[in-house]
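Here is how the chains run, residue by residue.
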Amino acid sequence: MENLSEIFDLEYFFHLSPDWLCVAGFDGYFKKINPAVSRTLGYTDSELFAKPIDSFVYPEDRSITASKRESIKKNNPLYNFENRYVTKSGEIVWLSWTSMPVKSQQLVFAIAKNITDKKKLEEFSRTSLLSARNSEILKGGDLTRIDLLKPISELSIADQLWLYELETLVRKYIGKVDLGIVLLSSEMGLSERQLHRRIKNTTGVTPNNYIRRIRLQMSMEAINSGKYRTVAEISYVAGFETPAYFRKLFKEFYGRDVAELLQ
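Residues numbered from 1 in each chain as written. Predicted model: local features only at pLDDT ≥ 70, side-chain atom pairs only at ≥ 80, totals over all residues. Heavy atoms only, no water.

## Digging into the environment of K119
Position of K119 relative to the elements: it lies in helix α6 (residues 116–127). Taking C-alpha positions, K119 is 9.7 Å from L95, a pair spaced 24 residues apart along the chain. Those residues in contact with K119, other than ones at most four positions away along the chain, are E82 and W94. Polar contacts involving the side chain of K119 include one to the side chain of E82, which spans 2.7 Å. (Helix = DSSP H or I, 4+ residues; strand = E, 2+ residues; numbered from the N terminus. Contact = heavy atoms within 4.5 Å. Polar contact = N/O pair within 3.5 Å; in protein donor to acceptor, adjacent residues only side chain to side chain.)

Here it is, written out as structure tokens:
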């Protein structure tokens, strides 16, 4: 029988795999990683080996991750566990883990799939203006004055991911009352003309219209949070120039006076 190494070079497979392939010690440190790990996180191998694995885990996920690690050390395999890591540049990466312990060697062999795009699509579907039917969003509103958005079902996955990045950016700068296409085009790496065309083709509305809708959506989120009690507070949080203008737009969009929802 032929030697397995002659049929297939496992080390070659280890280096080419797009998934994370890791060997970790029961002491909480990486012992061996494939290039996908350092490529995703932006750290060198030396940097990744020098610190506990937990130092790269998203802070809010460290407790549950530590709990799962203790379970693995008791010889319990781990399947489909999802957690977040933070890259060197500060971006969040979602991973789905399958981990197998080798107790005799105090090691864990693990494979992790990068599911960040899947999580982005789930978040976009949950929070985007496009995810709800226009008739429900605008219930009672003046539909003769408001252009309807394209439904999310008509968008490609690439367009959904692109809009997720755009909406994330708009939310990041939502406090700027002068937020507009100039800033967004610079951040998105497109000319103003290219950005205007893509937003219009993807959503069916102009960039300013789309930004205004996100502001209004955020105003409703602020109301539902219960943290704010006045129209002025909600207006400020959502980035509108004046409470009066915000109140007018809110009534047109949602068909209700914002003050009624704050009582």
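## Remarks on a nonpolar patch on the surface
Judged by side-chain polarity, Y79, M100 and F109 come together as a nonpolar surface patch covering roughly 320 Å² of accessible area. Within the secondary structure layout, M100 lies in strand β4 (residues 92–102). (Patch = residues over 30% accessible without salt bridge, like charges linked within 9 Å, V, L, I, M, F, W, Y side chains within 5 Å. Areas by Shrake-Rupley, 256 points an atom, 1.4 Å probe, with all protein chains shown as cover. Salt bridge = Lys/Arg side-chain N within 4 Å of Asp/Glu carboxyl O.)

## Some thoughts on helix α11 (residues 207–225)
When the terminal C-alpha atoms of α11 are compared, their 27 Å separation across 19 residues agrees well with the 27 Å that a helix rising 1.5 Å per residue should span. Of all 19 residues that make up α11, 14 are buried, and the element is covered over most of its length. (Expected span 1.5 Å × (residues − 1). Buried < 20%, exposed > 50% of the residue type's maximum accessible area, 1.4 Å probe, protein only.)

## Quick notes on the nonpolar core
Within the largest apolar cluster, 24 residues are counted, with the highest numbers of intra-cluster contacts made by W20, L48, Y85 and W97. Contributions of two or more residues to this core are made by β1 (20–25), β2 (30–33), α3 (35–41), β3 (78–86), β4 and β5 (107–114). Residues in contact with W20, not counting those within four places in the same chain, are N34, A36, V37, T40, L41, Y85, L95, W97, A110, I111 and A112. Judged by nonpolar contacts, the second largest core, of 21 residues, contains L155, L184, Y210 and M218. (Core = buried A, V, L, I, M, F, W, Y, C linked by side-chain atoms within 4.5 Å.)

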